[in-house]
Amino acid sequence: MKLQKTPYVVTIQGTSILKLILSCMLLIFLLFSVSGLLTSLNPQYQLRSSSVNKATMNLSGNILFQLMGRENHYFMSGLVERDAVPSMSSVLFKASTNVNLNDPRSLLGRELPGFSLFDGKILVAGEGTNYTNMPIESAPPEEALNKENEASLQNTEDIKDEDSKPSAPPPLTTGDKKVAYIYFSHTRESYLPYLEGVTNANSAQHSEINVTKIGDRLQEKLEGYGVGTILDKSDVTDRLHANGWTYGRSYDASRQMVQEAMANNSNLSYLIDIHRDSKRKEDTTKVINGKSYAKLAFVVGAEHPNYEKNLKLATEIHYKLEEKYPGLSRGIIQKSGASTNGRFNQDLSGNALLVEFGGVDNNFDELNLSADAFADVFSEIFWEAEKVNYPVTVPTEEQ
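Residues numbered from 1 in each chain as written. Predicted model: local features only at pLDDT ≥ 70, side-chain atom pairs only at ≥ 80, totals over all residues. Heavy atoms only, no water.

Enquirer: Could you clarify how one ought to interpret the environment of His304 in this entry?
Expert: Mapped onto the elements of the fold, His304 is located in the loop between strand S7 (296-301) and helix H10 (307-324). Look at His304 and you get buried, because its relative accessible area is 10%. In the structure, His304 is positioned 44 residues away from Leu348 in sequence and 9.3 Å away in space, judged by C-alpha atoms. If sequence neighbours within four positions are ignored, His304 has contacts with Asn310, Gly342, Arg343, Gln346 and Asp347. (Helix = DSSP H or I, 4+ residues; strand = E, 2+ residues; numbered from the N terminus. Buried < 20%, exposed > 50% of the residue type's maximum accessible area, 1.4 Å probe, protein only. Contact = heavy atoms within 4.5 Å.)

This is the structure in structure tokens:
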């Protein structure tokens, strides 16, 4: 008996092929539609590698180790027992929304005007440092930047410009090579003890008595340790006025200075930008061996390729300070995002530092001691890294 294909079977097979063709066409249409939609979005809404980078920045090393440890238990050996295994839902929520349920600032910073100014990350916490007393970079009122409105000075007789250079030449020296560059992006940041009648921390500005005097002391000390140093006290505020720029472009103005200096001196590799915090004395002062010091804080911008190198240098200085001057360092703060510069000129060198010297209530006795301590630690780290590049100085009998 011979079987023949019925029209019904042929119809079923034809329908299946038609459905397959229609499904493929629909899939192709969807792919083109989605890709077209993504490429036609406004730039701020487009998916970029930077967006992925920002999302992954919310995943800590601990979380990454534990996620990898689910597949390879060898990675779990790098974790301590107290580290809790994160839930996948919380990890995905944080990565996709940039909201950390353990840190209310991540949500409130988007809702409260000005709250994002406090948005920073403590990478290394010094003694007493927490999210309630982090360094704050607040813009001064416009009138405070006008020399005609400057406060009268007081207590200036207490500012000592004594010669503190060591009598003997240093065993190591960079010779005539200048390797460190000290500058000030906020040149007129001053201190309340010297400003008559000024009580507002944001108004602590002056064209004469300001953070540049710390530079004088620091340069003197660094060169005493054999580290050739250039001190640039150019007034960034004058540059802002000349260019018609607002205070928020201070780092653009100081960037011009740094680039000019580096173009004129190929040996410059260590950049030190000195600032003053707006916090009050209880957060910015430390007594060590009976002497009062202005505490130091290190700020690292995270939005540039030199981030890791800059963080490494700041971390080395922090822990060396902890060893020799316990409690002097407030720690290391990371800054990134729309509310801050994110670079602070630190992309220009792998050895760039932004250092907050004290707060508005500190005086120059305290600040000078801190400059001495910083120079001591910085020069030690510098020579550990650079001594092979410079000859040893052998003092003669006359010296």
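Enquirer: Just checking my understanding: could you explain the side chain of His186 for this structure?
Expert: Along the chain, His186 falls in the loop between strand S2 (180-183) and helix H6 (212-224). The class for His186 is buried, based on a relative accessible area of 5%. A distance of 3.4 Å separates polar atoms of two side chains, one belonging to His186 and the other to His275. When residues no more than four places from it in sequence are discounted, the contact partners of His186 are Glu137, Val211, Tyr247, Ser250, Tyr251 and His275. (Polar contact = N/O pair within 3.5 Å; in protein donor to acceptor, adjacent residues only side chain to side chain.)

Enquirer: Teacher, can you tell me more about the pattern of salt bridges here?
Expert: Note on pairing: side chains with opposite charge can pair once their charged atoms come close. Under the definition given, this model contains 19 salt bridges. Put simply, Lys320 and Glu384 hold a salt bridge, and the shortest N to O gap is 4.0 Å. In this pair, Lys320 sits in helix H10 while Glu384 sits in helix H11 (residues 364-386), placing the two residues 64 residues apart along the sequence. For Glu384, a relative accessible area of 51% corresponds to the exposed category. Between Asp347 and Arg343 there is a salt bridge, with its nearest N and O atoms 3.7 Å apart. Residue class for Arg343 comes out partly exposed when judged on its relative accessible area of 30%. One network of salt bridges, with partners in common, ties together Lys320, Lys324, Asp376, Glu380 and Glu384. (Salt bridge = Lys/Arg side-chain N within 4 Å of Asp/Glu carboxyl O.)

Enquirer: I tried to follow the sheet that holds strand S8 (residues 329-335) on my own but got confused; where do I start?
Expert: Across a sheet, paired strands are connected by hydrogen bonds in the backbone, their directions being either parallel or antiparallel. Judged by pairing direction, the sheet is mixed, and its 7 strands sit side by side in the order S1-S8-S7-S9-S4-S2-S3 without closing on themselves. Looking at which strands have only one partner, the edges of the open sheet turn out to be strand S1 (121-125) and strand S3 (229-231). The mean inter-strand angle of the sheet, taken between neighbouring strand axes irrespective of direction, is 25 degrees. Note: strand S4 (residues 270-275) against strand S9 (residues 351-357), 6 bridges, orientation parallel. The residue bridging Ile274 from the neighbouring strand is Val355, located in S9. The sheet contacts of H6 involve S2, S3, S4 and S9, and relative to S3 the element is tilted by about 170 degrees. Running over the sheet, helix H8 (residues 250-264) touches S2, S4 and S9 and is turned about 150 degrees from S2. (Pairing = 2+ DSSP bridges. Axes fitted to C-alpha atoms, helices over the stretch in contact; angles between N-to-C directions.)

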